[in-house]
Amino acid sequence: MLVKKDYEIPNELFKKEASVYVDSEIPVKAAILYFHGGGLLYGRRQDLPRPHLNTLTQSGYAVVAFDYPLAPAAKLDMIMNDVESSIQYYINHSSELIETSASNEKALPYFLWGRSAGAYLCLIAAGKGTYTQAPAGILSYYGYGFLCDNWFKEPSRHYCTLPKVPESVLSAVPSELHTDGDLDTHYSVYVYARQQGNWLDLFYEGREKFFYLDYTLRACDKLPCPLFCAHSTGDTDVPFSEFTELSNKYHAKRFIVSGTEHDFDRDVKNPFTQKVLDETVAFVEKCLNK
């Protein structure tokens, strides 16, 4: 049976929580640390569909979904620092988060899993490699490393076909630090940013040179663990060329979907959804059995 528990994570700047999902009848052999998508501007940790949680927990994996602060209230340096601290928090406190983990042993093996912007955060965090225990693998669902030029700094052809969103939407989101970005209030900020081509400006402050050095994968020659990448051929948010560069650079295990949906697995009736979950489990098993 799927069981969910919420934990408050110590944080001085904002309220932060993690949701831990396990199957109460199946021993846990590894953890999957999850970071949600939303262009760093919207989304919430509790966005995983039930089939995702069932498939992973019934296969013997705990899913630990963490909050992180959203832009534009938080900028990328703070967001990345928070994600990195979440990973280290799991390593230090796995026996508290996952009760089947013995307290006198090191943390259970863990994987980093993100969808879209969450995958980006996982990739950058892994590339820094500053943890006392390295991840066993990375699961990137339609993620990116800003490896290709321009697509994130120019008006999006897809979003420009939607009704124009005014700059005033920025005033509808809280100016104080927060981790929960409701679609009704926050999604329009992402649409505005992609229509204007100023998405980067909403989450990064600083010289462009340091963005490319510190917050892209362009200077990262090697990841500390195997990579699984899933992407749609006609993705309207993140171009397929970005997936190609990412998967080629790190010799990733690929899962390619024929279609135009960015977050194709959001539709649980899409035949690719269960297939990508099954392929994810197979990848995780292979990494653990090396």
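We now turn to the structure provided with this report. A quick note: this is a predicted structure, and the numbers were derived from the prediction, not measured.

1. Examining the overall build of the protein
So, step 1. Counting its secondary structure elements, the protein contains eight helices and eight strands.
So, step 2. Taking the principal axes of the C-alpha coordinates as reference, the protein spans close to 50 × 45 × 35 Å.
So, step 3. Out of the 290 residues belonging to the protein, those deemed buried represent 56%.
So, step 4. Restricting to contacts in the protein with at least 6 residues of sequence separation, those with at least 24 account for 76%.
So, step 5. For the protein, the exposed area adds up to about 12,800 Å²; of that, 49% sits on carbon and sulfur atoms.

2. Describing the layout of surface pockets
So, step 1. Approximately 640 Å³ is the volume attributed to the largest pocket.
So, step 2. Counting residues per element, the lining of the largest pocket draws most heavily on helix α4 (residues 183–196), which supplies four residues.
So, step 3. Among the residues making up the lining of the largest pocket, the classes are represented as twelve nonpolar, ten polar and nine charged.

3. Topic: the packing of aromatic side chains
So, step 1. Scanning all chains against the criterion turns up 33 aromatic pairs.
So, step 2. Taking the centre distance of 5.9 Å and the plane angle of 70 degrees together, the rings of Tyr142 and Phe264 count as edge-to-face. Separated by 122 residues along the polypeptide, Tyr142 in the loop between β6 (137–141) and α4 and Phe264 in the loop between β8 (253–257) and α8 (271–288) bring together distant segments of the chain.
So, step 3. Assessed through its relative accessible area of 2%, Phe264 is described here as buried.
So, step 4. The interplanar angle of 25 degrees and the centroid separation of 6.4 Å between the aromatic rings of Phe146 and Phe203 together place this pair among those described as stacked. Highlighted residues: Phe146 in the loop between β6 and α4 and Phe203 in helix α5 (residues 199–203), separated in sequence by 57 residues. The same class applies to Phe146 as to Phe203, namely buried.

4. A look at the nonpolar core
So, step 1. Judged by nonpolar contacts, the single largest core of 77 residues is most densely connected at Tyr90 and Phe211.
So, step 2. It is helix α2 (residues 76–97) that contributes the most residues to this core, nine residues altogether.
So, step 3. Among residues more than four places away in sequence, those in contact with Phe211 are Leu76, Tyr120, Phe146, Phe152, Leu200, Phe203, Tyr204 and Thr216.
So, step 4. Leu2, Leu56, Phe111 and Leu139 belong to the second largest nonpolar core, which has 28 residues in total.

5. As for the sheet that holds β8
So, step 1. Reading across from one edge, β1-β2-β4-β3-β5-β6-β7-β8 is the order of the eight strands in this open sheet, with mixed pairing throughout. In this open sheet, the two strands that pair with only one neighbour each are β1 (2–8) and β8. For this sheet, the mean angle separating the axes of adjacent strands, direction not counted, is 15 degrees.
So, step 2. Bridge analysis of β6 against strand β7 (residues 227–232) gives four bridges, and the strand direction is parallel. Pairing of Ser140 across the sheet is with Cys229, part of β7.
So, step 3. Relative to strand β5 (residues 110–115), helix α3 (residues 117–128) is tilted by about 140 degrees, and along the sheet it contacts β3 (30–35), β5, β6 and β7.

6. Focus: α2
So, step 1. Compared with the 32 Å implied by 1.5 Å per residue over 22 residues, the 27 Å span of α2 between its first and last C-alpha is markedly short.
So, step 2. Largest kink in α2: about 60 degrees, centred on Ile91.

7. Overview of the state of the cysteines
One way to say it: the disulfide is the covalent bond shared by the sulfur atoms of two cysteines.
So, step 1. This structure, assessed with the given rule, holds zero disulfides.
So, step 2. Of all cysteine sulfurs, the one in Cys225 lies closest to Cys220, which takes part in no disulfide; the gap is 10 Å.
So, step 3. Overall, Cys220 belongs to the buried group, its relative accessible area being 11%.
So, step 4. We note that Cys287 lacks a disulfide partner, and the nearest cysteine sulfur, in Cys225, lies 7.5 Å from it.
So, step 5. Take Cys287: its relative accessible area is 12%, and that puts it in the buried class.

Basis of the calculations
- Numbering of residues starts from 1 in every chain and runs along the sequence as written.
- Under the rules for a predicted model, residues below a pLDDT of 70 receive no local features and side-chain atom pairs below 80 are neither given nor counted, while totals for whole chains, interfaces and linings still include all residues.
- Heavy atoms throughout the structure, all of them, feed into the side-chain values; hydrogens and water do not.
- Counting from the N terminus, the helices are DSSP H or I runs at least four residues long and the strands are E runs at least two residues long.
- The buried label applies to any residue whose accessible area, calculated with a 1.4 Å probe on protein chains only, is under 20% of its type's maximum; exposed applies above 50%, and partly exposed to all values in between.
- Only heavy atoms matter for contacts: two residues are in contact if any of them lie within 4.5 Å across the pair.
- Surface accessibility in these figures is a Shrake-Rupley result with a 1.4 Å probe; residues are shielded only by whichever protein chains are displayed.
- As defined here, a cavity is a set of points on a 1 Å grid over the protein atoms alone where a 1.4 Å probe fits but cannot get out. A pocket is an open set with protein on both sides within 12 Å along at least five of seven lines, and residues line them when an atom is within 4 Å of a point.
- Grid points are joined across faces, edges and corners, and a volume is the space filled by probe spheres set on the points.
- Think of it as three bins: nonpolar holds Ala, Val, Leu, Ile, Met, Phe, Trp, Tyr, Cys and Pro, charged holds Asp, Glu, Lys and Arg, and polar takes everything else, Gly as well.
- Think of it this way: a Phe, Tyr or Trp ring, Trp meaning its six-membered ring, pairs with another when their centres are within 6.5 Å, and the plane angle makes it stacked under 30 degrees, edge-to-face over 60, tilted otherwise.
- The term nonpolar core refers to a set of buried residues drawn from Ala, Val, Leu, Ile, Met, Phe, Trp, Tyr and Cys, joined through side-chain atoms within 4.5 Å.
- In this description, strands pair whenever DSSP reports at least two bridges between them.
- As a rule, the C-alpha atoms of each element are fitted with a line to give its axis, helices using only the stretch in contact, and angles between N-to-C directions run from 0 to 180 degrees.
- Under the convention used throughout, the expected extent of a helix is 1.5 Å for every residue step, that is, one less than its residue count.
- At any given residue, the bend is defined as the angle formed between two axes, one fitted to the seven residues that end at that position and one fitted to the seven that begin there.
- Whenever a pair of cysteine sulfur atoms sits within 2.5 Å, that pair is classed as a disulfide.

The values reported here are purely geometric and, on their own, carry no functional implication.
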